[in-house]
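Here is how the chains run, residue by residue.
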Amino acid sequence: MRSFCVMSTVAVTVVLSPAFCNAGETSLVSQGRYLTQLAGCPSCHTAPGRPSFAGGYVMKLPMGTLYTPNITPDRETGIGTWSDDDFVRAMQQGVGRDGRHLYPAFPYTSYTLMTRSDILAIKAYLFSLAPVHNVPPPDSMKFPYNMRSLIGGWNRLFLSDRRFQDDSHQSAQWNRGAYLVRSVGHCGECHTPRGRLSQAMEQSKFLGGGIADGWSAYNITSDPIAGIGAWSSDDLKRYLLSGAAPGKGWAAGPMGLEVANSTRYLTEEDVLSVVTYLRTVIPVRAGDKVSRSAAAEIPRNRSPSSLDQMPGARIYDLYCANCHGSSAVPVADLYPSMRNESTVGDTPPRNLVMIILLGALDSFGSGGASMPSFARKFDDRQIADLVNYLEVQDGNPKASIGPGQVGGWRSQAP
Ligand code: HEC
Ligand code: HEC
Ligand code: HEC
């Protein structure tokens, strides 16, 4: 079994050989630490400003509110008394130690593909940490979702309790990438569309695009227009390690957190495996003729002076240009250009509205620079004006939205 330690500073990730690992950390524990990061366990099991893994992070779902449990090794309030089998059962079958069914907001529908040995490495890492005594608030799910027995029925229909199987026709690198994307990295939980009623991932459209916390988690299949088929391997690698692939995309919403907490820790070998696999994911097509990151290339027939007269132009100059520049030229490398980036080119422009409302949740990709929220500053009409101006200037000139659509997305923002 491979073992490594991953150490990170603000912008660089260094993978050290086991000889440099934290004193006293076994290779099983360091392997577990790496997998825990990739699996994003700390993002969901840590409440802002509270100790890591002690739970209490709020998850607001359409069916009610969940508070994540404490998964530190505390014997009274955490998982300190759980056996290996208890822990493996939770990760592969979504069943807690007391036999109660767990909501699939805990992404065991993907973790179920993980090997027992990887799951036990994660347990070894969690059990190497200091126990924290903390009881998160009880969940408040609406009727009938508060009946946990229903989850058992859902799991019988939608959870295939099976481990990842190598595809013998593919290389070891491809198989490693498929394993990381489909199980540990649980990329499909956000990037795969879900059935309207079942809320289960539609496996036939794997990575074909979903919604995460109100943001569009783009189609990342190999389709060159709807997906990321036109990105180079280097673009993908840069995006996953740093959060930015200039001229293609910038991770500023939920993906910004994903990069900051998980994908930036991928070792060189693993990031290449992930990219190798992503390039082969069965394309899911859509009706678009031009990809979202190339929308600025669509010819437009507006004169610069008619652009300047659009109501959104003034808003842009007053509130955005000081950071993003007055045209396609950004003020500094820290600030993304509006041109040839998924956020501005995507239709409908859901993520453009989200970033204007929320600002940048995370500033990892821009080396510490951040973007304020404009939710209180602008009403829905002003946001529609601003977006319609940006679309004509740098995005899809045919895309146009009204205040009603902005209001709908505003109500879905976290
Ligand atoms: C997207 C958010 C999310 C991620 C990522 C996540 N969890 Fe959870 N986890 C939850 C939620 C929510 C619950 C509680 C579900 C419920 O109440 O039914 C939970 C429950 C659990 C439980 C059951 C605890 C108990 O007391 O019953 C364990 C164990 C657990 N998670 C471990 C992990 C580990 C290990 C990882 C990383 C491999 C992880 N989780 C990643 C959201 C998450
Ligand atoms: C928590 C939900 C979530 C998870 C998990 C997640 N993503 Fe994303 N991803 C998003 C969202 C939302 C976006 C849109 C950009 C943003 O958030 O700023 C995105 C954007 C991307 C993009 C850019 C696509 C474009 O056209 O701009 C890539 C590539 C990507 N994700 C790859 C991955 C991979 C690979 C994984 C698994 C290792 C993953 N994502 C896991 C939510 C997620
Ligand atoms: C104080 C500086 C600042 C201001 C003002 C600002 N932004 Fe930003 N913006 C940023 C930074 C920094 C990022 C990158 C955030 C990250 O990496 O998480 C960003 C990201 C973005 C993105 C994502 C870019 C991409 O390529 O996907 C868009 C779109 C955006 N801003 C639009 C706007 C608009 C529209 C306004 C005016 C309402 C605005 N910004 C005002 C600093 C700013």
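What comes next concerns the included structure. As the structure is a computational prediction, the values presented were derived from the model and not from experiment.

Description of the overall build of the protein chain
- Secondary structure assignment for the protein chain yields 18 helices and nine strands.
- Here the C-alpha radius of gyration of the protein chain, 22 Å, is about what a compact globule of 414 residues would show, namely 22 Å.
- Counting only C-alpha atoms and orienting by the principal axes, one finds that the protein chain spans roughly 70 × 50 × 40 Å.
- In the protein chain, which comprises 414 residues, the share counted as buried stands at 50%.
- Restricting to contacts in the protein chain with at least 6 residues of sequence separation, those with at least 24 account for 64%.
- Of the roughly 20,000 Å² of accessible surface on the protein chain, a fraction of 55% belongs to carbon and sulfur atoms.

A few points about the coordination of the iron atom of ligand 2
- All of the protein donors around the iron atom of ligand 2 are His191 (NE2) and Met255 (SD); their distances to the metal are 2.0 to 2.3 Å.
- Bound by six donor atoms, the iron atom of ligand 2 shows angles of 87 to 179° at the metal and therefore octahedral coordination geometry. Residue histidine 191 is found in helix α8 (residues 188-191), and its partner methionine 255 is found in helix α10 (residues 254-261); the two are separated by 64 residues along the sequence.

Considering the site of ligand 1
- Around ligand 1 sit 22 residues, and of these Cys41, Cys44, His45, Tyr103 and Arg148 come closest.
- Between ligand 1 and the protein, one listed contact pairs a nitrogen atom with a side-chain N or O atom of histidine 45 at 2.9 Å.
- One nitrogen or oxygen atom from the main chain of tyrosine 103 is found 2.8 Å from an oxygen atom belonging to ligand 1.
- Those elements that place two or more of their residues in the shell around ligand 1 are α2 (41-45) and α3 (84-93).
- In terms of residue count, α2 provides more of the shell around ligand 1 than any other element does, three residues in total.
- Considering only residue class, the shell around ligand 1 consists of 17 nonpolar, three polar and two charged.

Observations regarding the pairing of strand β3 (residues 58-61)
- Examined bridge by bridge, β3 and strand β4 (residues 64-67) share four bridges and lie antiparallel to one another. Each residue of the ladder has a partner; that of leucine 61, found in β4, is glycine 64.
- Linking β3 to β4, which pair antiparallel, is a turn of two residues.

Details of the packing of aromatic side chains
- The tally for this structure, following the rule as stated, stands at eleven aromatic pairs.
- An angle of 65° between the planes, with centres 5.6 Å apart, marks the rings of phenylalanine 164 and tyrosine 179 as edge-to-face. Taken together, the positions of phenylalanine 164 in the loop between α6 (149-158) and α7 (172-184) and tyrosine 179 in helix α7 put the pair 15 residues apart, joining distant regions of the chain. Each of the two residues, phenylalanine 164 as well as tyrosine 179, counts as buried.

Brief notes about the pairing of β4
- Pairing geometry for β4 and strand β5 (residues 140-141), over two bridges, is antiparallel. Across the sheet, the residue bridging to glycine 64 is methionine 141, located in β5.

Comments concerning the sheet that holds β5
- Spatial strand order, β3-β4-β5: three strands in an open sheet with antiparallel pairing. On the outer flanks of this sheet lie β3 and β5, each paired with one strand and no other.

So, how was this worked out
Residues numbered from 1 in each chain as written. Chains lettered and ligands numbered in written order. Predicted model: local features only at pLDDT ≥ 70, side-chain atom pairs only at ≥ 80, totals over all residues. Heavy atoms only, no water. Helix = DSSP H or I, 4+ residues; strand = E, 2+ residues; numbered from the N terminus. Rg over C-alpha atoms; globule rule 2.2 N^0.38 Å. Buried < 20%, exposed > 50% of the residue type's maximum accessible area, 1.4 Å probe, protein only. Contact = heavy atoms within 4.5 Å. Areas by Shrake-Rupley, 256 points an atom, 1.4 Å probe, with all protein chains shown as cover. Donors = N, O, S within 2.8 Å, 3.2 Å for Na, K, Ca; no water. Tetrahedral: all angles 85-135°; square planar, octahedral: opposite > 155°, others 65-115°. Near = heavy atom within 4 Å. Polar contact = N/O pair within 3.5 Å; in protein donor to acceptor, adjacent residues only side chain to side chain. Nonpolar A, V, L, I, M, F, W, Y, C, P; charged D, E, K, R; others polar. Pairing = 2+ DSSP bridges. Phe/Tyr/Trp six-rings, centres within 6.5 Å; stacked < 30°, edge-to-face > 60°.

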